[in-house]
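Structural overview for review
Chain by chain, the residues run as shown.
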Amino acid sequence: MSAIGELSTMTRRKGPMTKEEKKANGRDNKAAYFFLLPWLIGLVVITVGPMLMSLYLSFTDYNLLQPPEWVGLDNFVRMFSDARLHNSLRVTFTYVLVGVPLQLAVALLIALVLDKGLRGLPFYRSIFYLPSLLGGSVAVAILWKQIFGTTGLVNQVLAMIGIEGPGWISDPNTALGSIILLHVWTFGSPMIIFLAGLRQIPNMYYEAAEVDGATTLQKFWRITIPMLSPIIFFNLVLQIIGSFQSFTQAFIVSGGNGGPSDSTMFFTLYLYQKGFGQFDMGYASAMAWFLLVIIGAFTAINFIASKYWVFYDD
């Protein structure tokens, strides 16, 4: 009997496995667990272990120098009266609710342009993706600080046309806006995903719409957006999660203090100050779990709302 015939017979046969088959399955399982072992060790030691320790510390008063002292829910109750924490939430929510939609809009616009089949598309795709690789780095944050400084490139350009620009990152009214602009500039990653999604939309829909006399704008709203809605939803969830965890940009641009006047005090930056600046690790751990709850709530809301606007072409 051929190998294909044996395989067909095995798949058709029902009933309990023989001892030889059980031994073979056992050997396969052991080999699988062996290859998974490094990942499992990393998951427990690097991820699950620190998370459980952080959860324990969130109910303690711990300053790194003395043993943790159990305080129950005191750290969480403390948050209700912490004015700087409330301000950091306001700053973070502004950053997320303004920066994410702007970034996705720019990413989609560039993807639509690149989808037209430009010459040298791989080159443009790489150039536009580059900011996503560098945008969260310390070097780019320092460069951004220089560009938007009092004597930075932006003000030098404005001076050429007779406009005296402010100190963009030293003015409480514009400091957060400059960081949001940096976030929007890192549109490369969602752009690549949008571009891949656009390439999957069947052209027959556009051809049928043209026969019906649809305009370019109508085709965009009636075909492109509905067909691209799963990609939009995917990018939206990823970018919201990433934006809530943003830290490097605010730390470098503000010099680590969230200034001026706490206008760039992100929640993660305030958490860092509490944990590694004031060594209040118990409170910082409670803040970290509070942030996890916020991100989880936003993600859940997105998934619940998605059934009203996300279209899956089954």
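Quick notes on the rules
Residues numbered from 1 in each chain as written. Predicted model: local features only at pLDDT ≥ 70, side-chain atom pairs only at ≥ 80, totals over all residues. Heavy atoms only, no water. Helix = DSSP H or I, 4+ residues; strand = E, 2+ residues; numbered from the N terminus. Buried < 20%, exposed > 50% of the residue type's maximum accessible area, 1.4 Å probe, protein only. Contact = heavy atoms within 4.5 Å. Areas by Shrake-Rupley, 256 points an atom, 1.4 Å probe, with all protein chains shown as cover. Salt bridge = Lys/Arg side-chain N within 4 Å of Asp/Glu carboxyl O. Core = buried A, V, L, I, M, F, W, Y, C linked by side-chain atoms within 4.5 Å. Axes fitted to C-alpha atoms, helices over the stretch in contact; angles between N-to-C directions. Parallel < 35°, antiparallel > 145°, perpendicular 65-115°, else oblique. Left-handed = near helix turned anticlockwise from the far one by under 90°. Phe/Tyr/Trp six-rings, centres within 6.5 Å; stacked < 30°, edge-to-face > 60°. Lys NZ or Arg CZ within 6 Å of the ring centre and 35° of its normal. Patch = residues over 30% accessible without salt bridge, like charges linked within 9 Å, V, L, I, M, F, W, Y side chains within 5 Å. pLDDT = per-residue confidence, 0-100. Expected span 1.5 Å × (residues − 1). Bend = angle between axes of the 7 residues up to and from the residue.

**A look at the overall build of the protein chain**
Summing up its helical and strand segments, the protein chain has 14 helices and two strands in all. Here the protein chain holds 314 residues, and 37% of them are scored as buried. Sequence separation of at least 24 residues holds for 69% of the intrachain contacts in the protein chain that already meet a minimum separation of 6. Here the protein chain has roughly 19,000 Å² of accessible surface; of this, 68% comes from carbon and sulfur atoms.

**Here we look at the pattern of salt bridges**
Tallying each qualifying case throughout the model produces four salt bridges. Notably, a salt bridge pairs Asp280 with Arg78, separated by 2.9 Å at the nearest N-O pair. Residue Asp280 is located in the loop between helix H13 (267–277) and helix H14 (281–309), and its partner Arg78 is located in helix H3 (residues 74–78); the two are separated by 202 residues in the primary sequence. Lys219 is the salt-bridge partner of Glu210, the closest N and O atoms lying 3.2 Å from each other.

**Focus: unusual backbone geometry**
Cis geometry is found at the peptide bond from Gly259 to Pro260, where omega equals 0°. Here Pro260 lies in the loop between helix H12 (248–253) and H13. Phi at Ser261 takes a positive value of approximately 55°, unusual for a residue other than glycine. In this structure, Asp262 is a non-glycine residue whose phi angle is positive, near 60°. Counting through the fold element by element, Asp262 comes out in the loop between H12 and H13.

**Points about the side chain of Asn235**
On the secondary structure map, Asn235 appears in helix H11 (residues 216–244). We classify Asn235 as buried; its relative accessible area is 0%.

**Remarks on the nonpolar core**
Leu85, Phe194, Phe266 and Met287 are the most contacted members of the largest nonpolar core, which totals 53 residues. The dominant element in this core, judged by the number of residues it contributes, is helix H4 (residues 83–114), at 12 residues. Beyond its immediate stretch of four places on either side in the chain, Leu85 contacts Met79, Phe267, Tyr270, Tyr283 and Met287.

**As for the packing of H4 against H11**
Closest axis-to-axis distance for the H4/H11 pair is 10 Å, and the angle between their directions is 140°. With respect to their mutual orientation, H4 and H11 come out oblique. Taken as a pair, H4 and H11 cross one another with a handedness that is right-handed. The residues of H11 that touch H4, namely those facing Thr92, Phe93, Tyr95, Val96, Val100, Gln103, Leu104, Leu108 and Leu112, are Phe220, Thr224, Ile225, Leu228, Asn235, Leu236, Gln239, Ile240, Ser243 and Phe244.

**Points about the packing of aromatic side chains**
Inspection of the entire model under this criterion finds 16 aromatic pairs. Seen in terms of ring centroids, Phe34 and Phe35 are 5.6 Å apart; in terms of plane orientation they differ by 75°. Their pairing is edge-to-face. The pair Phe34 / Phe35 is uniform in exposure class, with both members exposed. Each ring, one from Phe267 and one from Phe290, has its centre 6.2 Å from the other, and the planes form 55°; the classification is tilted. Linking Phe267 in helix H13 with Phe290 in helix H14, this pair joins segments that are 23 residues apart in sequence. Phe267 sits in the buried class, given a relative accessible area of 0%. Chaining the aromatic ring pairs together yields one cluster made of Tyr56, Phe59, Trp70 and Phe76. Here Arg78 stacks its cationic end above the ring of Tyr283, 3.8 Å away from the centre of that ring.

**Regarding a nonpolar patch on the surface**
Together, Leu37, Ile41, Val44, Val45 and Ile46 give the surface a local cluster of nonpolar side chains, amounting to about 490 Å² of exposed area. When you line up the elements, Ile41 lands in helix H2 (residues 19–57).

**Quick notes on the confidence of the model for the protein chain**
Parts of the prediction with low pLDDT should not have their coordinates interpreted in detail. On average, residues of the protein chain carry a pLDDT of 85, and 87% of them reach 70 or more. Scored below 50 in pLDDT, residues 6–12 shows two contacts in the model against residues more than four places distant or in partner chains.

**Some remarks on H11**
Owing to its 3.6 residues per turn, the α-helix aligns residues three or four sequence positions apart on the same side. For H11, spanning 29 residues, the distance from its first C-alpha to its last is only 35 Å, which falls clearly below the expected 42 Å at 1.5 Å a residue. The largest bend in H11 comes to about 55°, at Ser229, with the proline Pro230 one to four residues further on.

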